[in-house]
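What the coordinates show
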4 protein chains.
Amino acid sequence: MKQLNIGIIGAGRIGKVHMKSITYSVPGAKVLGITDVFPDALPALATEYGIEKIYPDYKAMLADPEIDAVLVCSSTDTHADISIDAAKAGKHVFCEKPVDLTPEKVLAVIAAVKEAGVKLQVGFNRRFDHNFAHIRELINEGKIGKLELVKITSRDPEPPPAQYAAVSGGIFLDMTIHDFDMACFIAGSEVDEVYVNATCLVDPAIGEAGDVDTAIISLKFKNGAIGVIDNSRRAAYGYDQRVEAFGSLGAAVAANDTPTNVTLMTADGVVTDKPLYFFLERYMQSFTDEMRQFVDAVQNDKPTPTTGEDGLAAILIALAAKKSVKEGRPVKVAEILG
Amino acid sequence: MKQLNIGIIGAGRIGKVHMKSITYSVPGAKVLGITDVFPDALPALATEYGIEKIYPDYKAMLADPEIDAVLVCSSTDTHADISIDAAKAGKHVFCEKPVDLTPEKVLAVIAAVKEAGVKLQVGFNRRFDHNFAHIRELINEGKIGKLELVKITSRDPEPPPAQYAAVSGGIFLDMTIHDFDMACFIAGSEVDEVYVNATCLVDPAIGEAGDVDTAIISLKFKNGAIGVIDNSRRAAYGYDQRVEAFGSLGAAVAANDTPTNVTLMTADGVVTDKPLYFFLERYMQSFTDEMRQFVDAVQNDKPTPTTGEDGLAAILIALAAKKSVKEGRPVKVAEILG
Amino acid sequence: MKQLNIGIIGAGRIGKVHMKSITYSVPGAKVLGITDVFPDALPALATEYGIEKIYPDYKAMLADPEIDAVLVCSSTDTHADISIDAAKAGKHVFCEKPVDLTPEKVLAVIAAVKEAGVKLQVGFNRRFDHNFAHIRELINEGKIGKLELVKITSRDPEPPPAQYAAVSGGIFLDMTIHDFDMACFIAGSEVDEVYVNATCLVDPAIGEAGDVDTAIISLKFKNGAIGVIDNSRRAAYGYDQRVEAFGSLGAAVAANDTPTNVTLMTADGVVTDKPLYFFLERYMQSFTDEMRQFVDAVQNDKPTPTTGEDGLAAILIALAAKKSVKEGRPVKVAEILG
Amino acid sequence: MKQLNIGIIGAGRIGKVHMKSITYSVPGAKVLGITDVFPDALPALATEYGIEKIYPDYKAMLADPEIDAVLVCSSTDTHADISIDAAKAGKHVFCEKPVDLTPEKVLAVIAAVKEAGVKLQVGFNRRFDHNFAHIRELINEGKIGKLELVKITSRDPEPPPAQYAAVSGGIFLDMTIHDFDMACFIAGSEVDEVYVNATCLVDPAIGEAGDVDTAIISLKFKNGAIGVIDNSRRAAYGYDQRVEAFGSLGAAVAANDTPTNVTLMTADGVVTDKPLYFFLERYMQSFTDEMRQFVDAVQNDKPTPTTGEDGLAAILIALAAKKSVKEGRPVKVAEILG
């Protein structure tokens, strides 16, 4: 099979993660070229990963007929426009989440890739996490019967700067969006209604910026199941990422990952490792696996595992969540697009 | 110290639990007499536990000057009236939960015991459970910092008969009432507002009786913390009773109790015990400890650990929860008494 | 069924444990009388447990026709003679371990009870422990296939006084004797050969008294399986009592018991409870269950679950272990009686 | 720093593991060339890993001045001779374990590298395992006090063909050799004496080939600590690789690694993952880390973390273990070289 030539647009933290995965761990694909609005670091990266081409801008990359697919890893506000341009140029698109903060632009991206007949995958990497993917498998195998309730614990080790909280669109569009997608993935259903019980307990500056940092989000799924997500912008003990799925025949529960499986027992207590602290460490395996599946979808003309519609669904839930906080009532997701 | 002579009103399941605890495990107290509206089984019980007196009815018990305190273990609809009569007769009162399904009668009980100057303890046994009491201790010791979020998982192994669901006042007054009290106990605060996301997934007959069997209950506490309870009337793997408390410095999490700590590892997997299935097995230690503390409160004139006000608080939250389901909106607890 | 009237000879720590179990938790039996070479504490105990009779000495107890069975809880050096006298008096005998430090006297006890036609049970309480008994059940059910290897971890929280180490017969007769019995119980076999790798690392005074405090004991069972016990007289983290059984189809592993199932997660780590520290706390359930089974064996004329032969077997292994340390070589158990 | 050019001699299973690690995960080094006595697969490997040179034999590789270091991944009987030739050619040597089945040839390798002034590292990868290395760190930090006892559980998922058991030198030189090295690593000491309790329970053909498949190996360390290893050639539940270290202040215990941290709870039980089954999956991280440290030792002229002396020590213990089985007695390691 022909090698897939990938271009990466945006060489920040997540762009580099994909460079590493593709170069070292994704057979059948290579990073042919990169570009970034701050190009200074590009030559060193090209050397490190054996990347042949550095483009002056993403349009130059899209004009290169050797490029088969692009990864859109630029700043969120540029995701949609670049994805649309890429689709028009006939390139397959992997777009980091969120596709955009407005449903309209996400719809435009979906329309563009459909029009162009290219693949679109959205960067909900957590679906590929070994723990969460295994829960989904157990559900698919019927091990817990009919799904009734989903519980997601998602707590960051420490809060972002308050100013970031503001520009990111707030906790629901920035952080919980992953959990909204996970909820739909585990439930096997879209969300019908959202109610948010949220407050600012971690950092008053986040509250002053109009955002919350501690939240319990109650969900009704269209398939009749219900769900809950709890978020905090701070967990003193590390990155707390757990999922529980309950059904008519049982439950599947994912605990946190830890650096080792060593227990220390002394007069002070019985101590095990804290959860992995940094998201790249915690989720590296999932970033690699999402890239493998993107390459597989393109090369073998399969549906991508996380679609534009998934990206849209998560954003609609996030906007409904914001509205729920503002209005102090449960909000139907359908109200957002309506 | 003078031995405390206790009379037990109602010799059903919970009455017998207390007979056993007091007789075998509570120094300084004895069951002096018993009574029940169905008296046939009383002689055998009196023999088994060495109980001297069988009364024809509870009024005869209250008239006995040798009785110091009574345990009200009769049917729920009689709790309040008997408690009031007992207080008027100068007896200390231990009343099973719920004190009554209406706040008015609970208030009447509280007024009666205050007027009579006797002790009142309400049967929220779970506060005395080794796991949950330890979480409260860790919070009191400052180990998790300022409390921010409480999560309670409470799932019965199997649903009650649908007709019971109806007469019991519904899931919130019958089952969740324990979790409401636990939420307040762990949060160290009253509840300000409740929102319920509930449905009927376990047994359609429960739904036809106007009740729900699967619920996610979102709570705002008066102290600023938030909380969530998830309930189901069925857990195929046993009685799922867990509590998590998150704070600024960490979290304390109680896992389920199991019959043994044995792990079986075979080609089929690595298997540990299911949670204890039956509530008397799971909570026997807490039933004994609540009785010890009741005896201690009476003998040493201390406040009881679970008061009439605690009983009232839980009922108000339960009624707010019912209203939230009916009206599909968050409900202030203050609306109920208003 | 007629109530079993039990006399307890020796009202020290273990005698009191049995008083409590029988009085509160063993239906069908009662402690009718007690005796002790230091009689001062007896009246208070008789009051506490409602015991009718205090005898001036054990011979007076044996002369009482109302006594059906005796528990021999006196000092080790008197176990055998009292048990023989009890058998001759027609009383069923429960004898604490070790029956004696010499095989000859154990054989004499076995002969005496056989001659008298009474029951003899030896106090190997750990066989009744919920964890270890469950491993045995799993083996009996064929869950781990043919047993191949047994591993026992047995560590006391702190060492006894060095002078005790001397009079007790040394670590193998005093402490490991429980583990030798457990090894036979789990393996379902007698021991053929013992090799001990031991040293004194915890307390030099124990070494000066001619004993060891840290040991790895390698066992060959007659059924072809092999086993290992590791002992220490000190475990800083509590009482470490674990068993592992490996077989052709898998393994069953018992972890330690803990006071609660609560986990505390903070920046300092993820901390769970230390193992229960005190042997009476750790093994209370097993002491009660061994007494229930003794009463059941007597009342229903069943074989006792831990026989005089079991008591003999453990002592022979212990003596072989002592010989192995002295001679630095593997020792056949058959060498001891030969 | 100059890139380290590595040649790999032997492109079997372990040779490929190192190719992958060095190519993808070891900065500062590259696989410059490969060779194998069965050369057919070499071109494809060279393409897959971007390897420039294929040599007709290892002597050709040693003659290439561009090669800085070689990995000796050929069959065991050739390890020593190739390592000596490599040293004489001035190449740094990483030699897979065991260096040889005879101490004499290991000593010759040690002498050759000393003479040549090159580095020698022996492939005891497990020292680099995240769990076991962490136990060693905890010991180094004084967390468990003075080390007293080491316990190693090491069970393969399934036995090798019986004919392999014969040519490999038997279980102690083939399988336990890793555990002997681990015991020394954890104890921080050489072994003084070995006693083996072993039998053939897994596969009679192994016994017919003169080997054992189930063993308990008791160790006395020179520093006064004691230890025990239990081995089996079959564990139905997967690859069982655990280490426990006990000391005066506590214990550090490594549990098995598993594919996920998901628990499935149903009416059938509470089930978690089996241990990782395949050694390459279980130990991949350690293979990569040993290679990083080899490259670091060469480039920065540091001592290698696993030396020729470590390789010799493990072989001497293995030979003492064989002698112990044969003679049924504890054997001093010093007897072997004597």
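Further up the page is the structure itself.
The following refers to the structure shown.

Conventions we followed
- Residues numbered from 1 in each chain as written.
- Chains lettered and ligands numbered in written order.
- Predicted model: local features only at pLDDT ≥ 70, side-chain atom pairs only at ≥ 80, totals over all residues.
- Heavy atoms only, no water.
- Helix = DSSP H or I, 4+ residues; strand = E, 2+ residues; numbered from the N terminus.
- Rg over C-alpha atoms; globule rule 2.2 N^0.38 Å.
- Buried < 20%, exposed > 50% of the residue type's maximum accessible area, 1.4 Å probe, protein only.
- Contact = heavy atoms within 4.5 Å.
- Areas by Shrake-Rupley, 256 points an atom, 1.4 Å probe, with all protein chains shown as cover.
- Pairing = 2+ DSSP bridges.
- Buried area = accessible area lost by both parts, 1.4 Å probe.
- Salt bridge = Lys/Arg side-chain N within 4 Å of Asp/Glu carboxyl O.
- Least-squares fit on C-alpha atoms with pLDDT ≥ 70 in both.
- Polar contact = N/O pair within 3.5 Å; in protein donor to acceptor, adjacent residues only side chain to side chain.
- Axes fitted to C-alpha atoms, helices over the stretch in contact; angles between N-to-C directions.
- 1 Å grid on protein atoms, 1.4 Å probe; cavity = no way out; pocket = protein on both sides within 12 Å on 5 of 7 lines; lining within 4 Å.
- Points joined across faces, edges and corners; volume = space filled by probe spheres on them.
- Phe/Tyr/Trp six-rings, centres within 6.5 Å; stacked < 30°, edge-to-face > 60°.
- Lys NZ or Arg CZ within 6 Å of the ring centre and 35° of its normal.
- Parallel < 35°, antiparallel > 145°, perpendicular 65-115°, else oblique.
- Left-handed = near helix turned anticlockwise from the far one by under 90°.
- Nonpolar A, V, L, I, M, F, W, Y, C, P; charged D, E, K, R; others polar.

**A closer look at the overall build of chain A**
In terms of helices and strands, chain A carries 13 helices and 15 strands. Relative to the compact-globule value of 20 Å for 338 residues, chain A shows a C-alpha radius of gyration of 20 Å, a close match. Counting only C-alpha atoms, chain A reaches 55 × 55 × 45 Å along its principal axes. Within chain A, the proportion of its 338 residues that are buried is 62%. Taking as baseline every contact in chain A between residues at least 6 positions apart, the subset at least 24 positions apart corresponds to 71%. As displayed, chain A offers around 12200 Å² of accessible surface, 55% of which is attributable to carbon and sulfur atoms.

**Digging into the pairing of strand E8 (residues 191–199) of chain A**
Residue and element names in this part refer to chain A. Counting buried positions over the nine residues of E8 gives seven, a clear majority of the element. Here eight bridges tie E8 to strand E9 (residues 214–221), and the two strands are oriented antiparallel to one another. What sits directly across from Val191, in E9, is Phe221. As judged from the two bridges shared by E8 and strand E15 (residues 331–332), these two strands associate in the antiparallel manner. In the strand pairing of E15, Glu193 is matched with Lys332.

**Some thoughts on the interface of chain A and chain B**
Contacts between chain A and chain B engage 39 residues on the former and 39 residues on the latter. Counting the surface lost from both chain A and chain B, the interface buries some 2900 Å², and carbon and sulfur atoms represent 54% of this. On inspection of chain A and its partner chain B, the count reaches six salt bridges. Ionic pairing is found between B:Arg242 and A:Glu244, a salt bridge with its closest N-O pair at 3.1 Å.

**Observations regarding the relation of the copies chain C and chain B**
After a rotation of 180° and a shift along the axis of 0.0 Å, chain C superposes on chain B with an RMSD of 0.0 Å. What we have between these two chains is a two-fold relation. If distances are taken from each C-alpha of chain C to the rotation axis, the shortest is found for C:Tyr24, at 2.7 Å. Most of the interface of chain C is mirrored in chain B: 100% of its interface residues are interface residues there too.

**Here's the deal with the interface of chain C and chain B**
With 28 residues of chain C at the interface, the matching set in chain B holds 28 residues. In this assembly, chain C packs against chain B so that about 2000 Å² is buried in total across both faces, 57% of it on carbon and sulfur atoms. Among the residues of chain C in contact with chain B, C:Tyr24, C:Asn261 and C:Val262 are the three that bury the most area, contributing 28% of the side total. There are zero salt bridges connecting chain C and chain B. Here chain C and chain B share 14 residue pairs in polar contact (both at pLDDT 80 or more) between them. Mapped onto the side of chain C that touches chain B, the elements with two or more residues apiece are helix H1 (13–25), helix H6 (130–140), strand E12 (250–254) and strand E13 (262–266) of chain C.

**A short note on the sheet that holds strand E3 (residues 53–54) of chain A**
Residue and element names in this part refer to chain A. A sheet is described by the order of its strands in space; here six strands give the open sequence E3-E2-E1-E4-E5-E6, paired in parallel fashion. The sheet terminates laterally at E3 and strand E6 (120–122), the two strands that pair on one side only. This element, helix H11 (residues 279–299), spans strand E1 (4–9), strand E2 (29–35), strand E4 (69–72), strand E5 (92–95) and E6 of the sheet and lies at about 160° to E5.

**Quick word on helix H6 (residues 130–140) of chain D**
Given 3.6 residues to a turn, an α-helix orients residues that are three or four positions apart in the same direction. Among all positions of H6(D), only D:Asn131, D:Phe132, D:Ala133, D:Ile135, D:Arg136, D:Leu138 and D:Ile139 are buried. Buried-residue contacts for H6(D) involve strand E13 (262–266) of chain A together with strand E7 (147–155), helix H9 (176–187), strand E11 (240–247), strand E12 (250–254) and helix H11 (279–299) of chain D. Its side-chain oxygen 3.0 Å from the backbone nitrogen of D:Asn131, D:Asp129 forms the N-cap of H6(D). Looking one or two residues beyond H6(D), the residue adopting positive phi is D:Gly142, at roughly 80°.

**Overview of the relation of the copies chain A and chain B**
Superposition of chain A onto chain B requires a rotation of 180° combined with a translation of 0.0 Å along the rotation axis, giving an RMSD of 0.1 Å. An overlap of 100% is found between the interface residues of chain A and their copies at the interface of chain B, pointing to a shared contact surface.

**Concerning the layout of surface pockets**
Computed from the structure, the second largest pocket encloses a volume of approximately 2000 Å³. Residue lining of the second largest pocket: 41 residues in total, with B:Met284, B:Gln285, C:Glu281, C:Met284 and C:Gln285 positioned closest to the centre. Only helix H1 (13–25), helix H6 (130–140) and helix H11 (279–299) of chain B together with H1 and helix H11 (279–299) of chain C provide two or more residues apiece to the lining of the second largest pocket. Broken down by element, the lining of the second largest pocket gets its largest block of residues, eight residues, from H11(B).

**Let's talk about the pattern of salt bridges**
One pass over the full model with this rule turns up 108 salt bridges over all chains. One salt bridge in this structure joins D:Glu327 and D:Lys323, with 3.5 Å as the shortest N-O distance. Note that D:Glu327 and D:Lys323 are positioned in helix H12 (residues 308–327) at a spacing of four residues, about one turn of the helix. Taking the relative accessible area as the measure of exposure, D:Glu327 reaches 39% and is therefore partly exposed. Three or more residues are tied together by salt bridges with common partners; here these are A:Lys323, A:Glu327, A:Arg329 and A:Glu335.

**Concerning the packing of aromatic side chains**
A complete count under the given rule lists 28 aromatic pairs over all chains for this structure. Each ring, one from C:Phe94 and one from C:Phe294, has its centre 5.6 Å from the other, and the planes form 65°; the classification is edge-to-face. Taken together, the residues C:Phe94 in strand E5 (residues 92–95) and C:Phe294 in helix H11 connect sequence positions 200 residues apart. Exposure remark for C:Phe294: the relative accessible area of 0% places this residue in the buried category. Judged by centre distance (6.2 Å) and plane angle (75°), the rings of D:Phe279 and D:Phe287 are edge-to-face. Grouping aromatic residues by their ring pairs yields a cluster made of A:Tyr24, A:Tyr49, D:Tyr24 and D:Tyr49. The ring centre of A:Phe246 lies 3.7 Å from the NZ or CZ of B:Arg155, which sits over that ring.

**A look at unusual backbone geometry**
Residue and element names in this part refer to chain B. Omega for the bond connecting Lys97 with Pro98 falls within 30 degrees of zero, at -15°, which places this linkage in the cis form. As for its placement among the helices and strands, Pro98 is situated in the loop between strand E5 (92–95) and helix H5 (103–116). Phi is positive for Asp301, close to 50°, though the residue is something other than glycine. As for its position among the elements, Asp301 is in the loop between H11 and helix H12 (308–327).

**Observations regarding the sheet that holds strand E1 (residues 4–9) of chain B**
All names here are of chain B. Here we have six strands laid out as an open sheet, ordered E3-E2-E1-E4-E5-E6, and parallel in their pairing. Because the sheet does not close on itself, it has two edges, and the strands there are strand E3 (53–54) and strand E6 (120–122). Sheet analysis places E1 next to strand E4 (residues 69–72), joined by four bridges and oriented parallel. Residue pairing for E4: Gly7 is matched across the bridge by Val70.

**Quick notes on helix H4 (residues 76–88) of chain A**
Residue and element names in this part refer to chain A. Burial in H4 covers these residues: His79, Ala80, Ile82, Ser83, Ile84, Ala86 and Ala87. Buried residues belonging to H4 abut E1, helix H3 (58–62), E4, E5 and helix H5 (103–116). Just past H4, the residue Gly90 takes up positive phi, approximately 80°.

**Quick notes on the packing of helix H1 (residues 13–25) of chain D against helix H2 (residues 42–49) of chain D**
Residues and elements named next belong to chain D. Interhelical geometry of H1 versus H2 gives an angle of 20° and a closest axis separation of 11 Å. Between H1 and H2, the crossing angle belongs to the class labelled roughly parallel. The interaxial crossing formed by H1 with H2 has right-handed handedness. Between H1, through Lys16, Met19, Lys20, Thr23 and Tyr24, and H2, the contact on the second element is made entirely by Leu45, Glu48 and Tyr49. Of the residues in the contact of H1 with H2, the class split is four nonpolar, one polar and three charged.

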